[in-house]
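Secondary and tertiary structure notes
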Amino acid sequence: MVEPANTVGIPLNHAALLKDELDIVIPTIRNLDFLEMWRPFLQPYHLIIVQDGDPSKTIAVPEGFDYELYNRNDINRILGPKASCISFKDSACRCFGYMVSKKKYIFTIDDDCFVAKDPSGKAVNALEQHIKNLLCPSSPLFFNTLYDPYREGADFVRGYPFSLREGVSTAVSHGLWLNIPDYDAPTQLVKPKERNTRYVDAVMTIPKGTLFPMCGMNLAFDRELIGPAMYFGLMGDGQPIGRYDDMWAGWCVKVICDHLGLGVKTGLPYIYHSKASNPFVNLKKEYKGIFWQEDIIPFFQSAKLSKEAVTVQQCYIELSKMVKEKLSAIDPYFDKLADAMVTWIEAWDELNPATKA
């Protein structure tokens, strides 16, 4: 049986990497007691808390953390009519935190994610590993069979082209989970007791042209390189679909990273995912997406951006037009989603004029 790490007694990391260049974004509907476990690793950083649900509810944050908290009233006040692009009653609301951040890097984590242990029993500093992933190159153009060649103790294997060994900038670090795996509802229903106990000590670059199911519960990215594409779509209250927010963002991000010559890594770090969500509730949220994804994924696999699209914003607007043109026939929801993608970029540029395309 896998258990979370005990971090009591671990000293606060005063020499935290990128302390002034990284924000931690947490979507929540509850008190953030889980931060006590993360204190040794996360307290030196600034938190952006996006409160979902009832804005009149008070969210308690443990003492000593530096944070700003936004609820639905704040989102409406800051974005005005453009607040319609931010999901309500869904963790997709986290992307508002990406928009208001002014830092270069983002780490986002769910409030049911605890500190994991590596096979030696040592507590895993997930954020530190994410930073290492982001600060070293990716190798999307040629697969290295020894996984990440830039990690200590590894290198490029025989036959790897020297012309590609410089790699490309890493835009996304996608972490994994021990204990409760990130399964869809049908898999949850047939494997209700399955737990992930395998700790695989590996990081790899996802090859160019290959999509992946991005999970938002343990994720870091370079906001300056890919931030405007990290839109988690329209999910939750009033929408016909849920639990596809992070995957939608991941498909958009991967197409744009491939086009712009950026890298996406997956593997370490692990977190301990403590709580399984209700598979019957999940099935209600997912059932349309389970059918739709059979058309959505081929759409993204065949999506080609123009050579005129040289910024993330330009790429994203082109994708929104393709969504409206190609996916609206599946369901009117995609017409609405395409419009929201444009609204998201407009809102991003208003709050981040320096990054405007």
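Parameters at a glance
Residues numbered from 1 in each chain as written. Predicted model: local features only at pLDDT ≥ 70, side-chain atom pairs only at ≥ 80, totals over all residues. Heavy atoms only, no water. Helix = DSSP H or I, 4+ residues; strand = E, 2+ residues; numbered from the N terminus. Rg over C-alpha atoms; globule rule 2.2 N^0.38 Å. Contact = heavy atoms within 4.5 Å. Areas by Shrake-Rupley, 256 points an atom, 1.4 Å probe, with all protein chains shown as cover. Lys, Arg positive; Asp, Glu negative; His and termini not counted. Charge placed at Lys NZ, Arg CZ, Asp CG, Glu CD. Phe/Tyr/Trp six-rings, centres within 6.5 Å; stacked < 30°, edge-to-face > 60°. Buried < 20%, exposed > 50% of the residue type's maximum accessible area, 1.4 Å probe, protein only. Lys NZ or Arg CZ within 6 Å of the ring centre and 35° of its normal. Disulfide = S-S within 2.5 Å. Polar contact = N/O pair within 3.5 Å; in protein donor to acceptor, adjacent residues only side chain to side chain. Expected span 1.5 Å × (residues − 1). Bend = angle between axes of the 7 residues up to and from the residue.

The protein chain goes by UDP-arabinopyranose mutase in an unreviewed UniProt entry, where it is assigned to Brassica campestris.

A separate point is the overall build of the protein chain. When helices and strands are counted, the protein chain shows 10 helices and 9 strands. Against the globule reference of 21 Å for 357 residues, the protein chain gives a C-alpha radius of gyration of 20 Å, in line with a compact fold. Taking the intrachain contacts of the protein chain between residues at least 6 apart in sequence as the baseline, contacts between residues at least 24 apart amount to 75%. Accessible surface, the protein chain: about 15900 Å² in total, of which carbon and sulfur atoms supply 54%. Here the protein chain carries 38 positive and 44 negative side-chain charges, and the mean point of each set is 2 Å from the other.

What the rule picks out here adds up to 18 aromatic pairs. Centroid distance Tyr231 to Trp344: 4.9 Å. Interplanar angle 20°. Geometry classified as stacked. With Tyr231 in the loop between helix 6 (223-226) and helix 7 (245-260) and Trp344 in helix 10 (residues 333-351), the pair connects residues that are 113 residues apart, well separated along the chain. One exposure class covers both Tyr231 and Trp344, and it is buried. Relative to Phe300, the ring of Trp248 has its centre 5.1 Å away and its plane inclined at 75°; by these criteria the two rings are edge-to-face. Placement of the pair is Trp248 in helix 7 and Phe300 in helix 8 (residues 279-302), with a sequence separation of 52 residues. Classification of Trp248 as buried rests on a relative accessible area of 3%. Here a set of aromatic residues connected by ring pairs shows up, and it is made of Tyr244, Trp248, Trp251, Trp292, Phe299, Phe300, Tyr333 and Phe334. Over the ring of Phe162 we find Arg165; its NZ or CZ atom is 3.8 Å from the centre of that ring.

Here we take up the state of the cysteines. For the structure on display, the rule yields 0 disulfides. Here Cys113 stays unpaired: no disulfide links it, and the sulfur of Cys215, its closest cysteine neighbor, is 7.4 Å away. Look at Cys113 and you get buried, because its relative accessible area is 0%.

All right, on to the side chain of Gln313 then. Here Gln313 is to be found in helix 9 (residues 312-326). In this structure the side chain of Gln313 is engaged in a polar contact, spanning 2.9 Å, whose partner is the side chain of Asp349.

Relative to the assigned elements, Asp246 resides in helix 7. Note: C-alpha distance between Asp246 and Met230 (16 residues apart in sequence) is 8.5 Å. Beyond its immediate chain neighbours, meaning those up to four positions away, Asp246 contacts Met214, Cys215, Gly216 and Phe232. Within the structure, the side chain of Asp246 is placed 2.8 Å from the backbone nitrogen of Gly216, a separation counted as a polar contact.

The next thing to look at is helix 8. With 24 residues, helix 8 should cover 34 Å at 1.5 Å per step; its first-to-last C-alpha distance of 32 Å lies within 8% of that length. At Glu286, helix 8 shows its maximal bend, which comes to roughly 50°. Buried within helix 8 we find Pro279, Asn282, Glu286, Gly289, Trp292, Gln293, Ile296, Phe299 and Phe300. At its buried positions, helix 8 is contacted by helix 5 (185-190), helix 7, helix 9 and helix 10.

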